[in-house]
Every structure is written in structure tokens, then in C-alpha cells.
Amino acid sequence: MAEIAVVGAGYVGLTSGACFSHLGHHVVCIDNVESKIETLSRGQVSIVEEGLEGLVQAGISRNTLRFTSDTQAGVSSADYVFLCLPTPDLPNGSVDMSYVDAVAKQIGPWLRPGTVVVNKSTVPVGTTRHVAQLLGRDDVSVVSNPEFLREGNAVADFLNPSRVVIGGDDAAAVERVAKLYDGTNSPVIRCDATSAETIKYAANAYLATKISFINSIANICEHLGADVRVVADAIGRDPRIGGQFLQPGPGFGGSCFPKDTIGLLRLAGDAGYDFGVLRSVIEANDQQLARTVSKVRDAVGGSLRGVAIAVWGLTFKANTDDRRHSPAVEVVRRLVAEGARVTAFDPTVSGVVPELPSVGVAANAIEACRGAEALVVLTEWREFAIVPPASVREVMAGAAVMDARNLLDPGLWRSVGFVYQGVGFRPQ
Ligand SMILES: NC(=O)c1ccc[n+]([C@@H]2O[C@H](COP(=O)([O-])OP(=O)(O)OC[C@H]3O[C@@H](n4cnc5c(N)ncnc54)[C@H](O)[C@@H]3O)[C@@H](O)[C@H]2O)c1
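What counts, and at which threshold
Residues numbered from 1 in each chain as written. Predicted model: local features only at pLDDT ≥ 70, side-chain atom pairs only at ≥ 80, totals over all residues. Heavy atoms only, no water. Helix = DSSP H or I, 4+ residues; strand = E, 2+ residues; numbered from the N terminus. Rg over C-alpha atoms; globule rule 2.2 N^0.38 Å. Buried < 20%, exposed > 50% of the residue type's maximum accessible area, 1.4 Å probe, protein only. Contact = heavy atoms within 4.5 Å. Areas by Shrake-Rupley, 256 points an atom, 1.4 Å probe, with all protein chains shown as cover. Lys, Arg positive; Asp, Glu negative; His and termini not counted. Charge placed at Lys NZ, Arg CZ, Asp CG, Glu CD. Pairing = 2+ DSSP bridges. Axes fitted to C-alpha atoms, helices over the stretch in contact; angles between N-to-C directions. Near = heavy atom within 4 Å. Polar contact = N/O pair within 3.5 Å; in protein donor to acceptor, adjacent residues only side chain to side chain. Nonpolar A, V, L, I, M, F, W, Y, C, P; charged D, E, K, R; others polar. Right-handed = clockwise from strand over helix to strand, strands pointing away. Parallel < 35°, antiparallel > 145°, perpendicular 65-115°, else oblique. Left-handed = near helix turned anticlockwise from the far one by under 90°. Phe/Tyr/Trp six-rings, centres within 6.5 Å; stacked < 30°, edge-to-face > 60°. Lys NZ or Arg CZ within 6 Å of the ring centre and 35° of its normal. Core = buried A, V, L, I, M, F, W, Y, C linked by side-chain atoms within 4.5 Å.

Trainee: Tell me about the overall build of the chain, and name the residues and values.
Mentor: Looking only at helices and strands, the chain features 17 helices and 14 strands. The globule rule puts the C-alpha radius of gyration for 428 residues at 22 Å, and the 23 Å found for the chain is close to it. Residue burial in the chain is summarised as follows: out of 428 residues, 52% are buried. The contacts of the chain with a sequence gap of at least 6 include a subset with a gap of at least 24, amounting to 71%. Split by element, the accessible area of the chain, about 18200 Å² in all, is 53% carbon and sulfur. Computed over 38 positive and 46 negative side-chain charges, the separation of the two mean positions in the chain equals 4 Å.

Shown next, in the form of C-alpha cells:
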């Protein structure tokens, strides 16, 4: 049983800490937001993530999981210190390393000899060495262990990962970190730190590429009269392509893909390589957001000024409460900028949405539609698919539906008088 400290108790850090405690280790999660530490210490998890609260409460009761805002106390008794800190993008496209740098500088003097510092944040290539320099210790090792969990499925992904990647120069430290994952039965890829850091960016860039690709195919399908749902299903059955991430939508978003695609483009550029494919992926994504807005505009007669629009979904995808870089939020922002009066419903949102202060928030999906000219579906929450369209029809002023997730049953919605539009096919 190892002594693990996790610095940063957000989506990645809290999941890692709770799961390592579930795997039998002693874990302390450290965060500098005192209120977060207080609620977590009571076993309350404020983020939406299936199974996480149960693991946190079980860890607290077993005394294998605790929380503190005292970084020194937390890291000084640890054999392993995981850095799960934010690495947002800066306006110039480079990665904001200030959180990682600050903690690396701070904890150096407090670590026990032989501690392994494990970086789980998504960071530019070269950060493992950079962190080692900031720690200023020759009796402490640093390895890179990028995280691939998906929000909404984080616990299951952590406990049953498709692979664990561990990179570093110190083979013994890499082996020690690999041991921490005993019990997950996943393949461990041991490599140098530069490759580990590159793997994370390459994975996210590839997934983003798949999304922009299928969105582009969907747009072609609309022009040609083909049906992207059939096309995606058929191409996805080829194991060389794979069926996941082939659902067209309003564009990719979330806390990772936008910043990591821009980050890799920037990294490549700094290294002297023009990553044109990735630049196109990012541009196609922005065009997809614009296309979603223009479909809504067209559906209400060419202008959004003063038009009441209902929106279903604000999170960047279903089964999470995360709205960071959400395409839904971005589409709503653009609708509002063109003068639309938007009322939204999302199962994880109540009260005012700070980033969309003029948007009304309804108590349920049907209330969001009251008096609206058009309904726009922006997040693929399953519960939206079972809302009876007849009940929606009763409260709406207009009959336009723009289903940016291909979530609703087009035939059903058309049968009660809606003018339905999805992505990548022409309704019959
Ligand atoms: N969210 C994901 O799905 C995901 C998946 C894989 C990798 N990542 C990467 O993991 C990293 C963390 O992402 P996240 O989504 O968990 O971020 P997050 O914002 O949810 O969590 C970061 C936490 O760090 C805390 N923090 C900031 N400065 C601190 C300090 N000085 N001391 C202690 N705590 C501090 C914050 O209060 C916050 O709770 C990022 O690099 C991200 O790119 C995220």
C-alpha cells in the first residue's frame, strides 16, 4: 500500500485520488480552494461524475482517503505526488504552466528523499524535465503519466483504462508508478517522458480530427442528399476506422480538446513544423459552430433579433456538469449576440449561468420551450430523447427544431407538426 498525495482535487485529481484509494492505497487529496476541501472532507462531491461520490465516501470511512488544503503536510509524507493541476490555454495559444510551475517550485523542499513526482496534467513536451529542475532535488524522480479518462465516465475509465502510459528516464521510478495501477488489469506502456507527453496531445488531436472529419462528411451529406447516420455506421464498422467519435454535432468542446489542439499546433510550430491538418481541424470546428447558428437563423426566417429560442443542453456533453469551452454555451452566446432571447434547460444547471447572464434557465425541458419559435438541442442528454414532442408542441409558439446532436426521433417530431432538422441528413 503506497502513500499518495494528489495536488489538485478537480475532475482528474479527485477521480485519481478516489480510485487509488479504492485500489488499496493511502491517499491525500490537496487543493487550495478551502471550501472544496471542506465539502469533500464531508464526503460531498460537487461535480457530476457517476460513482465518484460513493468511492470518496468509502475511502473516507476506510481511512484511506483524506483531504487537506495544507500542501506541505500533504506532500511531505508521500511516496508519490501526483500533479493534477489546470493547464489552460493562453490567448496566444500557448499553455499556461503557471499552476504546475508554482506547485513544483513550492513542494521541492518538502519532499522526502525517494519520492516520485508524477505529472498527470496535460503539459507541453519537455515539462517532465522542467518540473525536475523546478523541484531542485536530485533525490526525487519525475515521471509523466498522462490521463485519458473521459468526463462522464471518469471512474470507470480510471479503473479500467485502455492503457496506462508512464514515461521517464528513471526506470525504477517508472516501475514503481506502474505498480500503483495493479488491480486495473490494463496494459502499461513504459516509455521516455517526451513520448508520454506527446502521446496525450496526439490522442486528443486525433479524436478531435475524427469529430471535425465526421462533421465535414455530415455537411457534404446535407449537400448531396446522403444520410450521415448510415455513412458513419458503415465506415465505423471498418476496424481500421472504428465506430466511436463518428457522431456529428455542433462541434467539439470541453476542457481538453480545444486547448490541446491549439496547444499541439503551437508546440509543432515552435518546433518548426507546420501542422496544417490540425489547423484545418480547428478551423472546421469553428465553422461547425457557425453552421449550427446559421441553421437556427434560417429556421426562424433569416433573423434572430428578438426571437425566442429554447435550448436543451448547456454542458459540453451529456453526463457531466462541465461547461468549460462547451459548444452549447458557444452556440448560445452567438445566438444571443444576434439578438435571440434564449431560455435554456440543462439537468445540471439551475439559477443564472454566469457565462450567459442574459439567458433564462428553465426548471425543465418543456418549460424552456414555452413561447419559443425554435427549439435547439445542443447536448445529447438521453432524457431529452424521451420528452413527448406533443407536449412541446403545445407550449411552443413556432414549430422549428434544430437537433444539433441527432438525438430526437425525426419521424416522431414531424408527426406532430414540427419542422425538424438534424445534422447530416435531409428529413424525409
Ligand atoms: N477534465 C478532463 O477530462 C481531463 C482528462 C485528461 C487530462 N486532463 C488534464 O488534467 C489537468 C487537470 O484537469 P481538470 O479538468 O482536473 O482541472 P480542474 O480545474 O477540474 O482541477 C484542477 C484543480 O487544481 C486546483 N488547484 C489549482 N492550483 C492549485 C494549487 N496551487 N494547489 C492545489 N490545488 C490547486 C484547483 O482548485 C482545481 O480543483 C489538466 O491539465 C487537463 O488538461 C483533464
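Trainee: Describe the sheet that holds strand S14 (residues 419-421), naming the residues involved and giving the relevant values.
Mentor: An order of S11-S10-S9-S12-S13-S14 is seen for the six strands of this open sheet, with the pairing classed as parallel. Across the chains shown, the open sheet's two edge strands, defined by having one partner strand only, are strand S11 (360-361) and S14. When strand S12 (residues 374-377) meets strand S13 (residues 400-403), the two strands line up parallel, connected through four bridges. Looking at the pairing, Ala-374 lines up with Ala-400 of S13. Contacting strand S9 (308-312), S12, S13 and S14, helix H12 (residues 276-299) crosses the sheet at an angle of about 170° to S13.

Trainee: Can you tell me about the site of the ligand, naming the residues and giving the values?
Mentor: Around the ligand there are 26 residues in total, and Asp-31, Lys-36, Thr-87, Glu-151 and Lys-259 lie nearest to it. Note that an oxygen atom of the ligand is positioned 2.6 Å from one of the side-chain N or O atoms of Thr-87. Taking Glu-151, its side chain carries an N or O atom lying 2.7 Å from a nitrogen atom of the ligand. Here the ligand has 830 Å² of accessible area as a free molecule, and 89% of this is covered by the chains. The set of elements that each furnish at least two residues to the shell around the ligand consists of helix H1 (11-22) and helix H5 (98-107). Looking at the shell around the ligand, its residues break down into 12 nonpolar, seven polar and seven charged.

Trainee: Please provide a residue-by-residue account of the pairing of strand S8 (residues 188-191), values included.
Mentor: Bridging between strand S7 (residues 164-167) and S8 involves four bridges; their strand directions are parallel. Considered in S8, the bridge of Val-164 is made with Val-188. Handedness of the S7-helix H8 (residues 171-180)-S8 crossover: right-handed.

Trainee: Could you give an account of the packing of H1 against helix H3 (residues 52-62), with specific residues and numbers?
Mentor: Their axes nearest at 9 Å, the elements H1 and H3 cross at an angle of 50°. Of the possible angle classes, the one that applies to H1 and H3 is oblique. Crossing hand, H1 versus H3: left-handed. Across the interface between the two elements, Leu-14, Thr-15, Ala-18, Cys-19, Ser-21 and His-22 of H1 pack against Leu-52, Leu-55, Val-56, Gly-59 and Arg-62 of H3. Here the residues of the contact of H1 with H3 are counted per class, giving six nonpolar, four polar and one charged.

Trainee: Before we move on, can you summarise the environment of Val-177 with the specific residues and values?
Mentor: Here Val-177 shows up in helix H8. A relative accessible area of 0% means that Val-177 is categorised as buried. Spatially, the C-alpha atoms of Val-177 and Gly-167 are 9.9 Å apart, while their sequence positions differ by 10 residues. Sequence-distant contacts of Val-177, that is, excluding residues within four places in its chain, are made with Tyr-80, Val-116, Val-118, Val-143 and Ile-166.

Trainee: Explain the side chain of Thr-87 to me, and be specific about the residues and the numbers.
Mentor: Tracing the backbone through its elements, the reader meets Thr-87 in the loop between strand S4 (80-83) and H5. Of note is the side chain of Thr-87, whose polar atom sits 2.8 Å from the backbone oxygen of Thr-122. For Thr-87, the contacting residues outside a window of four places in its chain are Val-95, Asp-96, Met-97, Val-100, Ser-121, Thr-122, Val-123 and Lys-259.

Trainee: Give a detailed account of the side chain of Asn-145, specifying residues and quantitative values.
Mentor: Note that Asn-145 resides in the loop between strand S6 (141-144) and helix H7 (154-159). Looking at Asn-145, its side chain comes within polar contact range of the side chain of Lys-120, at 3.0 Å. Apart from residues no more than four positions distant in its own chain, Asn-145 is found in contact with Phe-82, Val-118, Asn-119, Lys-120, Val-164, Val-165, Ile-166 and Tyr-181.

Trainee: Describe the environment of Val-307, naming the residues involved and giving the relevant values.
Mentor: Tracing the backbone through its elements, the reader meets Val-307 in the loop between H12 and S9. Separated by 10 residues in sequence, Val-307 and Arg-297 have C-alpha atoms that sit 9.5 Å apart. Excluding residues that lie within four positions of it along the chain, Val-307 makes contacts with Val-300, Gly-339, Ala-340, Arg-341 and Glu-373.

Trainee: For the packing of aromatic side chains, give the residues involved together with the corresponding values.
Mentor: Summed over the entire model, instances satisfying the criterion amount to 12 aromatic pairs. Consider the rings of Phe-20 and Phe-158, whose centres lie 5.2 Å apart with planes at 85°: the pair is edge-to-face. A residue pair is termed long-range when its members are at least 10 positions apart, and Phe-20 in helix H1 and Phe-158 in helix H7 qualify at 138 residues. Overall, Phe-20 belongs to the buried group, its relative accessible area being 0%. Taken together, the ring pairs in this structure connect Trp-312, Phe-345, Phe-384, Trp-413 and Phe-418 into an aromatic cluster. Above the ring of Phe-148, the side-chain terminus of Arg-163 is found at 3.7 Å from the ring centroid.

Trainee: Provide a residue-level description of the nonpolar core, including the pertinent values.
Mentor: As a rule of thumb, nonpolar side chains are buried together in soluble globular proteins. Within the largest apolar cluster, 36 residues are counted, with the highest numbers of intra-cluster contacts made by Ile-4, Phe-82, Val-177 and Leu-180. In this structure, Phe-82 is in contact with Ile-4, Ala-5, Val-6, Val-7, Phe-20, Val-118, Lys-120, Asn-145, Leu-180 and Tyr-181, ignoring residues within four places of it in sequence. In terms of nonpolar packing, the next biggest core, distinct from the first, is built from 33 residues, Val-311, Val-332, Ala-344 and Ala-400 among them.

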